[in-house]
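# Results of the structural survey
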Amino acid sequence: MCGIFAYTGKKQAGVTLLDGLTSLEYRGYDSAGIFLPERGGIRAVGAVGNLKKKIPTDFEGHSGIAHLRWATHGEPTEDNAHPHRDCTSDVWVVHNGIIENWKELKRDLESRGHVFLSETDTEVMAHLVEQELSDGKDFESAARAALGRIRGTYGMAIQSRAEPDVIVGARMGAPVVLGLGDGENFIASDPSPILKHTRTVLFLEDGEMAVIRPNSYKIFKLGGDTVERAAQEVDWSPEEAQKGGYEHFMLKEIMEGPEVIKNTLRGRLMFEEGMAKLGGLESVKDELAKIERIIIVGCGTAYYAGLVGEYMLEEHAGIPVEVELGSEFRYRKPVLNQKTMLLAISQSGETADTLEAIREGKRKGAITVGIVNTVGSTIARETDAGVYNHAGPEIGVASTKALVSQITALALLTLFLGRQRKMSDSDAEEIISQLSLLPEKVQKILDNKAAIEAMAAKYSDSRDFLYIGRKYNYPIAFEGALKLKEISYIHAEGCGAGEMKHGPLAMIDEKFPTMAIAPSDTVYEKLASNIQEIRARRGPVVAVATEGNDDILSYTKDVIYVPETIEMLQPILSVVPLQLFAYYLAHAKGFNVDRPRNLAKSVTVE
Ligand code: F6R
């Protein structure tokens, strides 16, 4: 999730663009860059502050494009920072998204003599426009023709020195909004950098491009037809705009679930071969084919993702798996060797305990692999190989979209390692087809959020909550409890449903509710008996159950229905309602959901 911002008008462009980038900084902070036609491209690794130091404040340009990068293709270096340029340094592009056919386009452009300076997918766009310009088109037509050749997702702004007042924007799958001012116009990823200047905005839709000049704007379909759409006035504060109109980052991030799954899967499902394409594992694939054991390490939510991975990898890849808390692993004397893969799961890539576990594994000769969201983070750099989540920055302290992405990535890893072993074609085919259906299924749960909000309101006075689940949903019981306790400060415990009779059942009475994760899987009957035991002690039960299951209504009327999928992917569909439930419950209690007390987003100390 990068951020783009473009300006054409009468103000000092450098200052305006830098100021706008600061409002967009929540979208990425790996690198920042700016293009001013009279001055050229200026880029810096790290946050906007580093870029600011490089731009003179007295500089008088009146248009430009700017970018904040959250790295996907290529490390967070200055060369890979946007804007990217063509061979003549006349055409510059900023881009949020991924151009899927960039490799073939790059080969074609190189064969025509274009020279590339970065490892990014974005640079092809600048060269495509250059190519079209050299065929005699004007800038607008050249940009349109170039957009017609790329496939993938983009929110983009393009500028050419030949017509410095003109900026072309385009949208396909990544948000783009125009800001319409008096003698000035803007293009941005969201309204937050625009609101200081104008409250009149116009959101582009997929497959549309816009051409802005200081005193005019036009919108077209990529095919060429003009689009007539009325602008709208927004009364959001810049902070509300960063949250996409949601009250909290946590809710916004939960709502991003379908997009996050698509981004984690993008380009990685090989339908024909029944395989996962994981470029980050290429360098160690021969060693991975020989590993005899996997140890997964993580903390908190990432640890629970690891537990789901244990079930997946053992069942479908046939490899023995253990899951360890980073904080425990580093103080044991783990027995590891070259046939062990040590897999770290971490959103931030900076969690101290997980990092130390990886260092210990390396010392002992294990192959270290990361499932990490933050490109270029310490864990990403120190592991031998890895799979990036591509979930975009997670701002809410409570991890939500990262978990959804981590489980998705674990499913890809299961496919990869399973196919190196004995996973059948039909098993692989089913996993792939069910993975590709997940985004729409998660969307269905999100569309039902009002019912989950009502359920949370009903239970908002509870002092305690028990979460139970079995098999693949056993870790989700712990994750559901963690989400509730960390943002609502309610005492919540996760428990394997089969363990109830071994102790926890003693706590149950009419004031102690249970969240039962009860999809229609191979352990549903057993879970239903556990619910019955709780109901017999007058314990209230909320159940997460599969659509069409009426049987559950004989135990409780408080049911949150979720779509069906294969057992190994069900945790993704079970956890989303629990995230929403925790969010709404904490919200009903009036707590600051994004910044729970006593907690930090990234735990870089022991
Ligand atoms: C819970 C939460 C934490 C993190 C944990 C690991 O909502 O956010 O439990 O999951 O601190 O963090 P990462 O994934 O950054 O290593």
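Residues numbered from 1 in each chain as written. Predicted model: local features only at pLDDT ≥ 70, side-chain atom pairs only at ≥ 80, totals over all residues. Heavy atoms only, no water.

### Let's talk about the overall build of the protein chain
Helix and strand content of the protein chain: 19 helices and 26 strands. In terms of overall size, the protein chain behaves like a compact globule, its C-alpha atoms giving a radius of gyration of 25 Å where 606 residues would be expected to give roughly 25 Å. Considering only C-alpha atoms, the protein chain reaches an extent of 75 × 55 × 45 Å along its principal axes. Relative to its 606 residues, the protein chain shows a buried fraction of 61%. Considering only residue pairs separated by 6 or more positions, the protein chain has 70% of its internal contacts joining residues 24 or more positions apart. Computed over 68 positive and 86 negative side-chain charges, the separation of the two mean positions in the protein chain equals 3 Å. (Helix = DSSP H or I, 4+ residues; strand = E, 2+ residues; numbered from the N terminus. Rg over C-alpha atoms; globule rule 2.2 N^0.38 Å. Buried < 20%, exposed > 50% of the residue type's maximum accessible area, 1.4 Å probe, protein only. Contact = heavy atoms within 4.5 Å. Lys, Arg positive; Asp, Glu negative; His and termini not counted. Charge placed at Lys NZ, Arg CZ, Asp CG, Glu CD.)

### Things to note about empty space enclosed by the protein
Counted according to the given criterion, the structure contains one cavity of 30 Å³ or more. Roughly 30 Å³ of volume is contained in the largest cavity. Each residue belonging to the lining of the largest cavity can be placed in one class, and the counts come to five nonpolar, one polar and two charged. (1 Å grid on protein atoms, 1.4 Å probe; cavity = no way out; pocket = protein on both sides within 12 Å on 5 of 7 lines; lining within 4 Å. Points joined across faces, edges and corners; volume = space filled by probe spheres on them. Nonpolar A, V, L, I, M, F, W, Y, C, P; charged D, E, K, R; others polar.)

### Focus on the sheet that holds strand S25 (residues 541–546)
The parallel open sheet is built from five strands, whose spatial order is S23-S22-S24-S25-S26. Of all strands in the sheet, those bounded by a partner on one side alone are strand S23 (491–496) and strand S26 (559–562). The mean angle between the axes of side-by-side strands here comes to 15°, regardless of whether they run parallel or antiparallel. Relative to S25, strand S24 (residues 514–518) runs parallel, the two being bridged by five bridges. The residue of S25 that forms the bridge with Met-515 is Val-542. (Pairing = 2+ DSSP bridges. Axes fitted to C-alpha atoms, helices over the stretch in contact; angles between N-to-C directions.)

### Observations concerning the packing of aromatic side chains
Applying the stated criterion across every chain, the model contains twelve aromatic pairs. Ring centres 5.6 Å apart and planes at 75° place the aromatic pair Phe-465 and Phe-581 in the edge-to-face group. In this pair, Phe-465 is assigned in strand S22 (residues 464–469) and Phe-581 in helix H19 (residues 570–588), connecting sequence segments 116 residues apart. With a relative accessible area of 0%, Phe-581 lands in the buried category. Consider the rings of Tyr-583 and Tyr-584, whose centres lie 5.1 Å apart with planes at 75°: the pair is edge-to-face. Residue Tyr-583 is classed as buried on the basis of its relative accessible area of 1%. Here Tyr-584 falls in the buried class, since its relative accessible area comes to 7%. Put simply, the rings of Tyr-303, Tyr-304, Tyr-474 and Phe-478 touch in pairs and so form one group of aromatic residues. Positioned above the aromatic ring of Phe-220 is the side chain of Arg-144, whose terminal nitrogen or guanidinium carbon lies 4.7 Å from the ring centre. We note Arg-597 situated over the ring of Tyr-489; from NZ or CZ to the ring centre the distance is 3.8 Å. (Phe/Tyr/Trp six-rings, centres within 6.5 Å; stacked < 30°, edge-to-face > 60°. Lys NZ or Arg CZ within 6 Å of the ring centre and 35° of its normal.)

### Section: the pattern of salt bridges
Using the criterion set out here, one finds 34 salt bridges in the structure. Taking the shortest distance from any N to any O, the salt bridge between Glu-140 and Arg-144 comes out at 3.9 Å. Of the two residues, Glu-140 and Arg-144 are both situated in helix H5 (residues 139–147); the distance of four residues between them amounts to about one turn of the helix. A salt bridge links Glu-282 to Lys-285; the shortest N-O distance between them is 3.0 Å. On the accessibility criterion, Glu-282 (45% relative accessible area) is partly exposed. (Salt bridge = Lys/Arg side-chain N within 4 Å of Asp/Glu carboxyl O.)

### Comments concerning the pairing of strand S19 (residues 340–346)
S19 sits mainly inside the fold: seven of its seven residues count as buried. Here S19 shows no split at all, with Thr-340, Leu-342, Ala-344 and Ser-346 on one side and Met-341, Leu-343 and Ile-345 on the other all buried. Looking at chain direction, strand S17 (residues 293–298) and S19 are connected through five bridges and run parallel. What sits directly across from Ile-294, in S19, is Met-341. By the bridge criterion, six bridges tie S19 to strand S20 (residues 367–372) in an arrangement that is parallel. When the sheet's bridge partners are listed, Ser-346 is paired in S20 with Val-372. You can see the chain leave S19, run along helix H12 (residues 352–363) and come back into S20, and the turn it takes is right-handed. (Right-handed = clockwise from strand over helix to strand, strands pointing away.)

### A word on the site of the ligand
Taken together, 14 residues form the shell around the ligand, and within it Ser-346, Gln-347, Ser-348, Thr-351 and Glu-486 come nearest. At a separation of 2.6 Å, an oxygen atom of the ligand approaches a polar backbone atom of Gln-347. About the coverage of the ligand: the protein hides 90% of its 410 Å² of free accessible area. Secondary structure elements with two or more residues in the shell around the ligand: helix H10 (300–317) and helix H17 (474–488). The residue makeup of the shell around the ligand, split by class, is five nonpolar, seven polar and two charged. Of the residues that make up the shell around the ligand, three or more belong to each of domain 2 (249–439) and domain 3 (449–588). (Near = heavy atom within 4 Å. Polar contact = N/O pair within 3.5 Å; in protein donor to acceptor, adjacent residues only side chain to side chain. Areas by Shrake-Rupley, 256 points an atom, 1.4 Å probe, with all protein chains shown as cover. Domains from an automatic or database assignment.)

### A few points about the sheet that holds strand S21 (residues 385–388)
Taken in spatial order, the five strands make up an open sheet running S18-S17-S19-S20-S21, and their pairing is parallel. A strand with exactly one partner marks an edge of an open sheet, and here the two such strands are strand S18 (321–325) and S21. Each adjacent strand pair in this sheet contributes to an overall mean axis angle of 20°, direction not counted. Alignment of S20 against S21, held across four bridges, turns out to be parallel. Considered in S21, the bridge of Val-369 is made with Ala-385. The strands that H10 touches are S17, S18 and S19; relative to S18, the one it contacts most, it runs at about 175°. Strands in contact with H12 are S17, S19 and S20; relative to S19, the strand with the most contacts, it is inclined by about 165°.

### Describing helix H14 (residues 401–420)
Here H14 contains 20 residues, and its C-alpha end-to-end distance of 29 Å stays within 8% of the 28 Å for a straight helix at 1.5 Å per residue. Where burial is concerned, most of H14 is hidden: 18 out of the 20 residues are buried. (Expected span 1.5 Å × (residues − 1).)

### Concerning the environment of Arg-266
Along the chain, the position of Arg-266 falls in the loop between helix H8 (257–265) and strand S15 (269–270). Sequence-wise, Arg-266 and Ile-98 are 168 residues apart; in three dimensions their C-alpha atoms are separated by 9.0 Å. Residues in contact with Arg-266, not counting those within four places in the same chain, are Ile-98, Glu-100 and Thr-153. Within the structure, Arg-266 has its side chain in polar contact with the side chain of Asn-263 (distance 2.4 Å).

### Some words on the pairing of strand S13 (residues 216–221)
The sheet contact formed by strand S12 (residues 208–213) and S13 spans six bridges and is antiparallel. Its bridge partner lying in S13, Ile-212 is registered against Tyr-217. Between S12 and S13, which pair antiparallel and follow one another directly, the connecting turn spans two residues.

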